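Residue-level structure breakdown
The primary structure of each chain is shown beneath.
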Amino acid sequence: MDKFKKIAFDCRLTVLDMIYKAKAGHIGGSMSAMEVLVSLYFGVMDMGKDRFILSKGHIAEALYAVLAHRGIISYEELMTFGAFDSALAGHPTSGVNGVEFATGALGHGLGVGVGMALGLSSKVYVLMGDGELAEGSNWEAMMAAAKYKLSNLIGIVDRNKLQISGETESVMPLEDLGAKFRAFGWEVNEVNGHEPHAIIEALKQPQTKPRVLITNTIKGYGAKIMENNPIWHHHIPDEAQYHEIKESFVKRRNQYE
């Protein structure tokens, strides 16, 4: 699994360059969800059949980086992120190769995933932020998924416990999150969201009803300057911070060579 961790840090370096160049982006959440995205695109999904929805659309740059490393979009296009005439906007749009649905208004992705899962026999994966679970539309979608016994629907929660306004448990408490999903009729797995082998193993388990994978993560993972600090939800590094973060990412990546 070291190769997946290396890819994740390669993608982190790419995202760092994208955000620093564009002077825009959501760096903290991009770093917490990176192993999840890499695990999906390199270790789980059938790229010809399965569908993925990035409900927490504000980390579009993380998705773009993984799509490029997977060969779905070009590296040249990546560096246009945030430019006026670029397809790579701050939230994903369906004009980008590999993007199924335009997201950004939080709380919509799971409902769309339910609709897709109803109409398809293939797997549908939806990555949500824990902060967006305060939106009631998610809970309506959970009920519908259980009612229709959608065994091809997998929700993934990036449980970094932070959102733009602070700690999720202060803004709108979620615990016991696993128990809540079970009460709504879902299968539940909980893993370390920075361990690809655990993510992949959980996602490949057979299921008979909708499943959620709660991935415990660290916002800003990989650089001490960012980790568990809500300021980095939407903070752009200055030159000194850029080099500090880059040095940290390179050091971590080189552990997996």
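As a convention, each chain's residues are numbered from 1 in the sequence order in which they are written. Only residues with pLDDT of at least 70 get local features here, since the model is predicted, and only at 80 or more are side-chain atom pairs given and counted; chain-wide, interface and lining totals rely on the full set of residues. Each side-chain value is derived from all of the structure's non-hydrogen atoms; neither hydrogens nor water enter the calculation.

In this text, helices come from DSSP runs of H or I with a minimum length of four residues, and strands from runs of E with a minimum of two, each type numbered from the N-terminal end. The residue Arg-12 is located in helix H1 (residues 2-22) in this model. The residues contacting Arg-12, other than those within four sequence positions of it, are Met-31, Met-34, Glu-35, His-194, Tyr-221 and Phe-249. We call two residues in contact whenever any of their non-hydrogen atoms come within 4.5 Å of each other.

Only buried residues count toward a nonpolar core. Its members are Ala, Val, Leu, Ile, Met, Phe, Trp, Tyr and Cys residues joined through side-chain atoms within 4.5 Å. When a residue's accessible area, from a 1.4 Å probe over protein chains only, is under 20% of the maximum for its type it is buried; when over 50% it is exposed; and in between it is partly exposed. If you look at the biggest cluster of nonpolar residues, it comprises 57 residues, and the most contacted ones within it are Leu-40, Phe-52, Tyr-64, Leu-203 and Phe-249. Of the residues forming this core, the biggest block, 10 residues, is contributed by H1. Excluding its chain neighbours within four sequence positions, the residues that come into contact with Phe-249 are Phe-9, Arg-12, Leu-13, Leu-16, Met-31, Tyr-221, Gly-222, Ala-223 and Met-226. With 23 residues, the next largest nonpolar core counts Leu-110, Ala-141, Val-157 and Val-212 among its residues.

Mapped onto the elements of the fold, Gly-25 is located in the loop between H1 and helix H2 (27-32). Placed 49 residues apart in sequence, Gly-25 and Ser-74 show a C-alpha to C-alpha distance of 19 Å. When near neighbours in sequence (up to four residues on either side) are disregarded, Gly-25 contacts Ile-19, Glu-61, Phe-81, His-234 and Ile-236.

What follows deals with the packing of aromatic side chains. The pairing test for Phe, Tyr and Trp rings, Trp by its six-membered ring, is centres within 6.5 Å, and the orientation test on the planes gives stacked under 30 degrees, edge-to-face over 60, and tilted for anything in between. Tallied over the entire structure, the rule returns 9 aromatic pairs. Taken together, a centroid distance of 6.4 Å and an interplanar angle of 25° make the contact between Phe-9 and Tyr-256 stacked. Of this pair, Phe-9 sits in helix H1 while Tyr-256 sits in the segment after helix H11 (239-254), and the two are 247 residues apart along the sequence. Neither residue differs from the other here; Phe-9 and Tyr-256 are each classed as buried. Measuring from ring centre to ring centre gives 4.2 Å for Tyr-20 and Tyr-242, while their planes differ by 15°; the resulting arrangement is stacked. In this pair, Tyr-20 sits in helix H1 while Tyr-242 sits in helix H11, placing the two residues 222 residues apart along the sequence. Residue classification places Tyr-20 among the partly exposed residues on the basis of a relative accessible area of 22%. For Tyr-242, a relative accessible area of 10% translates into the label buried. Taken together through their ring pairs, the aromatic side chains of Phe-9, Tyr-221, Phe-249 and Tyr-256 make up a single cluster. The ring of Phe-9 has Arg-12 lying over it, and the distance from NZ or CZ to the ring centre is 4.6 Å. Here, over-ring charges are defined by two tests on the NZ atom of lysine or the CZ atom of arginine: distance to the ring centre within 6 Å, and angle to the ring normal within 35 degrees. Across from the ring centre of Tyr-20, 3.6 Å away, lies the NZ or CZ of Lys-23, which sits over that ring.

On to the pairing of strand E3 (residues 153-159). If a strand is regular, its side chains alternate between the two faces of the sheet. The element E3 is extensively covered by neighbouring structure, given that 7 of its 7 residues are classed as buried. Burial of the side chains of E3 extends over both faces: Leu-153, Gly-155, Val-157 and Arg-159 are buried on one face and Ile-154, Ile-156 and Asp-158 on the other. Summarising the sheet, strand E2 (residues 124-129) and E3 pair through 6 bridges and their orientation is parallel. For Leu-127, the partnering residue across the bridge sits in E3 and is Ile-156. Think of it like this: strands point away, you trace from the first strand over the helix to the second, and a clockwise trace means the crossover is right-handed. Between the parallel pair E2 and E3, the chain is carried across by helix H7 (residues 136-147), and the sense of this crossover is right-handed. Should DSSP find at least two bridges between two strands, the strands are regarded as paired. As judged from the 6 bridges shared by E3 and strand E7 (residues 211-216), these two strands associate in the parallel manner. The residue of E7 that forms the bridge with Gly-155 is Val-212.

As a further point, take the side chain of Ser-86. By the secondary structure assignment, Ser-86 is in the loop between helix H5 (75-78) and helix H6 (109-119). In this structure the side chain of Ser-86 is engaged in a polar contact, spanning 2.9 Å, whose partner is the backbone nitrogen of Leu-88. Once you skip the residues sitting within four places of it in the chain, Ser-86 turns out to touch Thr-80 and Phe-81. Here a polar contact means two N or O atoms within 3.5 Å. Within protein one must be a hydrogen donor candidate and the other an acceptor candidate, and residues neighboring in sequence count only if both atoms are side-chain atoms.

Our next topic: the sheet that holds E2. Read from one edge to the other, the open sheet built from 5 strands follows the order E1-E2-E3-E7-E6, with strand pairing classed as parallel. Only two strands of the sheet have a single neighbouring strand rather than two, namely strand E1 (51-54) and strand E6 (187-192). Geometrically, the sheet is characterised by an average inter-axis angle of 20° between neighbouring strands, direction not taken into account. Geometry is summarised by axes, namely lines fitted to C-alpha atoms with helices restricted to the contacting stretch, and by angles between N-to-C directions that run from 0 to 180 degrees. Packed onto the sheet, H6 meets E1, E2 and E3 and runs at close to 175° relative to E2.

Their axes nearest at 9 Å, the elements helix H3 (residues 34-44) and helix H10 (residues 196-203) cross at an angle of 55°. Comparing the axis directions of H3 and H10 gives the class oblique. Judged by the twist between their axes, the crossing of H3 over H10 is right-handed. Together, Glu-35, Val-36, Ser-39, Leu-40, Gly-43 and Val-44 of H3 and Pro-196, Ile-199, Ile-200 and Leu-203 of H10 make up the contact between the two elements. Angle categories are assigned with fixed cut-offs, so that under 35 degrees is roughly parallel, over 145 is roughly antiparallel, 65 to 115 is roughly perpendicular, and the rest are oblique. Helix crossings get a hand from a simple test, with the near helix turned counterclockwise from the far one by less than a right angle marking a left-handed crossing and a clockwise turn marking a right-handed one.

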